[in-house]
Amino acid sequence: MNSIFTNNQLYLDAIAIKNVSIDDKLLKQLSTNVRKLAMTLQDWIELSTDWDIAVGRLRRADWLLRNDPAPLNANHQAIIDLSEGIRTLEGLFKNMSSDIQQNCTNIIASGRKILELNSSELTNKVLRNMHEANPEQNENILIVRQESIRVGVINWLKEIGISHWQVFTANQFIHSGVNCRRMLVVGLTQDYPISLFNSVYPEDGIFTFSHSWIKEQNEIPGYFSDIAQIKIEKKILTDLVSVNQIADTEKAGNYLEPTAEIDGRRLAIAAKKALLNINDSSEGEELLKCRAYLLGSSEMVFLPISSGAIDAVDATAPVGERVQRVAISSITTDSILLLRVGSSEGEAISRMANDIGGSEAKRCRNIQAFWKSKLREKISMIGGPKVIRDLKDLGIANPWIIDWSHPSTIRPNSIDNFKIILTYLNIEHEETIEAMNILRHLHQVAGMRFRAILKQKFETLDMDEISLNGYVLVELGNDSEVAKLGAFRCVSIGNEVFEVPESAVKQLQPGIKV
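(A) Seen up close, the overall build of the protein chain. A tally of helices and strands in the protein chain yields 18 helices and 16 strands. Counting the 514 residues in the protein chain, one finds 48% classified as buried. Pairs at least 24 residues apart make up 72% of the contacts formed inside the protein chain by residues separated by at least 6 positions.

(B) Structural detail: the environment of Gln-444. By the element assignment, Gln-444 lies in helix 17 (residues 429–459). Residue classification places Gln-444 among the exposed residues on the basis of a relative accessible area of 54%.

(C) Just the pairing of strand 9 (residues 299–304), in detail. Counting buried residues in strand 9 gives five out of six residues, a clear majority hidden from the surface. In this antiparallel pair of consecutive strands, strand 8 (residues 287–295) and strand 9, the connection spans three residues, and Ser-298 shows a positive phi of 70 degrees. Bridge analysis of strand 9 against strand 16 (residues 508–510) gives three bridges, and the strand direction is antiparallel. In the sheet register, Met-300 faces strand 16, and the bridge partner there is Gln-509.

(D) Structural detail: helix 14 (residues 384–393). Inspection of helix 14 places Gly-384, Val-387, Asp-390 and Leu-391 among the buried residues, and these make up the whole buried set. The arc enclosing the buried residues of helix 14, seen along the axis, measures out at 125 degrees, which places them on a common side. For helix 14, exposure combined with an orientation more than 90 degrees from the buried face picks out Pro-385 and Asp-393. Just downstream of helix 14 lies Gly-395, where phi reads positive at about 120 degrees.

(E) Structural view of the packing of aromatic side chains. Within this structure, the stated rule accounts for four aromatic pairs. Aromatic pair Phe-302 and Phe-498: ring centres 6.1 Å apart, planes at 70 degrees, arrangement edge-to-face. Residue Phe-302 is found in strand 9, and its partner Phe-498 is found in strand 15 (residues 498–501); the two are separated by 196 residues along the sequence. Both residues of the pair, Phe-302 and Phe-498, count as buried. The interplanar angle of 65 degrees and the centroid separation of 5.0 Å between the aromatic rings of Trp-371 and Phe-418 together place this pair among those described as edge-to-face. One end of the pair, Trp-371, is in helix 13 (residues 345–382); the other, Phe-418, is in helix 16 (residues 415–424), with 47 residues separating them in the sequence. This pair shows no difference in class: Trp-371 is buried, exactly as Phe-418 is. Over the aromatic face of Tyr-424 sits the side chain of Lys-378, whose NZ or CZ is 5.0 Å from the ring centroid.

(F) Expanded view of empty space enclosed by the protein. For the structure on display, the rule yields two cavities of 30 Å³ or more. The space that makes up the second largest cavity amounts to roughly 50 Å³. Sorting the residues of the lining of the second largest cavity by element identifies helix 4 (49–67) and strand 5 (206–211) as the ones contributing at least two each. Each residue belonging to the lining of the second largest cavity can be placed in one class, and the counts come to five nonpolar, four polar and two charged.

(G) Just the pattern of salt bridges, in detail. Tallied over the entire structure, the rule returns 16 salt bridges. The salt bridge partner of Glu-84 is Arg-57, with a shortest N-O separation of 3.3 Å. With a gap of 27 residues between them, Glu-84 in helix 5 (residues 77–90) and Arg-57 in helix 4 connect regions that are remote in the sequence. A relative accessible area of 6% means that Arg-57 is categorised as buried.

(H) Spotlight on the packing of helix 2 (residues 25–40) against helix 6 (residues 98–117). Between helix 2 and helix 6, the shortest axis-to-axis distance is 9 Å and the interhelical angle comes to 145 degrees. Crossing geometry of helix 2 relative to helix 6 is assigned as left-handed. Contacts between helix 2 and helix 6 involve Leu-26, Leu-27, Gln-29, Leu-30, Asn-33, Val-34, Lys-36, Leu-37 and Thr-40 from the former and Ile-100, Asn-103, Cys-104, Asn-106, Ile-107, Ser-110, Gly-111, Lys-113, Ile-114 and Leu-117 from the latter. Tallied by class, the residues present in the contact of helix 2 with helix 6 amount to ten nonpolar, seven polar and two charged.

(I) Spotlight on the environment of Gly-152. By secondary structure assignment, the location of Gly-152 is in helix 8 (residues 147–159). Sequence separation of Gly-152 and Asp-68 is 84 residues, and the distance between their C-alpha atoms is 8.7 Å.

(J) Structural view of the nonpolar core. Among the nonpolar cores identified, the biggest contains 52 residues, and Leu-37, Trp-51, Leu-89, Leu-142 and Val-153 are the most heavily contacted of them. Tallying contributions element by element places helix 4 first for this core, with eight residues. Ile-396, Tyr-424, Leu-442 and Ala-446 belong to the second-largest nonpolar core, a separate cluster that totals 39 residues.

(K) Broad picture of the confidence of the model for the protein chain. In the predicted model, the protein chain carries a mean pLDDT of 81, and 81% of its residues have values of at least 70. Contacts for the low-pLDDT stretch residues 1–14, under 50 throughout, to residues beyond four places or in other chains number seven contacts. Per-residue pLDDT stays below 50 along residues 240–247; that stretch engages in four contacts with residues further than four places along the chain or on separate chains.

(L) Here's a closer look at unusual backbone geometry. Here Asn-118, not a glycine, exhibits a phi torsion of approximately 55 degrees, which is positive. Structurally, the position occupied by Asn-118 is in the loop between helix 6 and helix 7 (121–131). You will see that Ser-298, though not glycine, has its phi angle at about 70 degrees, which is positive. Its location among the elements puts Ser-298 in the loop between strand 8 and strand 9.

(M) Quick peek at the packing of helix 2 against helix 4. It is at 10 Å that the axes of helix 2 and helix 4 come closest, and there the two elements cross at 145 degrees. Between helix 2 and helix 4 the crossing geometry is left-handed. For the pair helix 2 and helix 4, contact is made by Leu-27, Leu-30, Ser-31, Val-34, Arg-35, Leu-37 and Ala-38 and by Trp-51, Val-55, Leu-58, Arg-59, Asp-62, Leu-65 and Arg-66, respectively. For the contact of helix 2 with helix 4, the residue count by class is nine nonpolar, one polar and four charged.

Here is what the cut-offs are and how they apply
- Residues numbered from 1 in each chain as written.
- Predicted model: local features only at pLDDT ≥ 70, side-chain atom pairs only at ≥ 80, totals over all residues.
- Heavy atoms only, no water.
- Helix = DSSP H or I, 4+ residues; strand = E, 2+ residues; numbered from the N terminus.
- Buried < 20%, exposed > 50% of the residue type's maximum accessible area, 1.4 Å probe, protein only.
- Contact = heavy atoms within 4.5 Å.
- Pairing = 2+ DSSP bridges.
- Arc of directions from axis to C-beta.
- Phe/Tyr/Trp six-rings, centres within 6.5 Å; stacked < 30°, edge-to-face > 60°.
- Lys NZ or Arg CZ within 6 Å of the ring centre and 35° of its normal.
- 1 Å grid on protein atoms, 1.4 Å probe; cavity = no way out; pocket = protein on both sides within 12 Å on 5 of 7 lines; lining within 4 Å.
- Points joined across faces, edges and corners; volume = space filled by probe spheres on them.
- Nonpolar A, V, L, I, M, F, W, Y, C, P; charged D, E, K, R; others polar.
- Salt bridge = Lys/Arg side-chain N within 4 Å of Asp/Glu carboxyl O.
- Axes fitted to C-alpha atoms, helices over the stretch in contact; angles between N-to-C directions.
- Left-handed = near helix turned anticlockwise from the far one by under 90°.
- Core = buried A, V, L, I, M, F, W, Y, C linked by side-chain atoms within 4.5 Å.
- pLDDT = per-residue confidence, 0-100.

Below you can see the structure in the form of structure tokens.
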């Protein structure tokens, strides 16, 4: 029994995670002061857009400086956020209390020094560890937190001639099936899914990189999944730090990725502003319960919380399988969504349906225009409320007359409701219903062709452009005004639920700066 225990302990020691603790005094000054300012001004941030932008930029800069190992330069997102954060902060704190003024002064001083030095101890530590790997072996894995960081690191490694390391985000690696001999994970373990550390046992170990003033956890819970679910704990062994450093460490929870928190708060405000403009022009439409999704283009889109699907791109899938129809409920940050730019997808499909149907489509469109014009005339003559009451009396529970009179719709989903409307308008049933069914079929065919074009365009698209810019636009035909589609990276998902007019769902709306 003692032998079994000893062997098990030796194995647990062997699989322990080695944490490289980085002692960067200048970054510590910036990081702790930014976090102190954010906590002190929590109420102000929610009331003031300027404070929100300043603190948000500084928190993102701090997080990126601790999580992006690429060398600092003018194009590094941490440097951009830090510069803009300092610039905004300089005009805000003069009339605040003395302690806040001192805090802001310290942030500006340490931030300017970082901008001046333009060097990163994190970069040096990661690079030194990468050079320890055998260049003849390709099973070396570097894990970073975000796709945008991954792209920047890949470009950096190409520039310096390192080809024996592969770079992934955590979820990409978990689902990749790639073998791993040595793994480096940049950032706090709490910022990553537990399954990353329990899904692989590299021969040369797992190394994490965090900073000395932030307390890393002592172990990561897990199981031997193939041995009767025996519970284990992977120890995290931190390299030697001084007693003073250990006593001075702060909770990791205060230093985890801030993006979702910052963007979620600002996204809710932007969504309410967008709805004010939408509601002014969409009176009488059916309302759908939606959440707001912030996109990499700094725009947002409302998507239903009920069952529904949307076209998306899986950048990690093999060519031929990238464009997929996914459930809206499965969308996460870093999902890539396909959305119309300018006019709606429905308008593009409508034009395509007309091209497919030719003269028959034209005949059906005339019949469609006729019954809708009669409905609009009725509304104009006796008023919308009277038409709604009449249709309810005839058996239609929810008469969406604004929707049905709009040129973009074909007919009500319920054929029984459609017959009631036609009778109410004194229009012959058979020919009108047949024509609308033909139009529906043409739209279905056009929709399938539309998605075939999407698949062809996006299967071979360079995904790096989306990662760097947050989105990419492509033309689907010669008419650039209508036939333009965008692939947008989802940056944040709002928690609040809004009632949104149906015509505004899946349409790009003004958002917030990403």
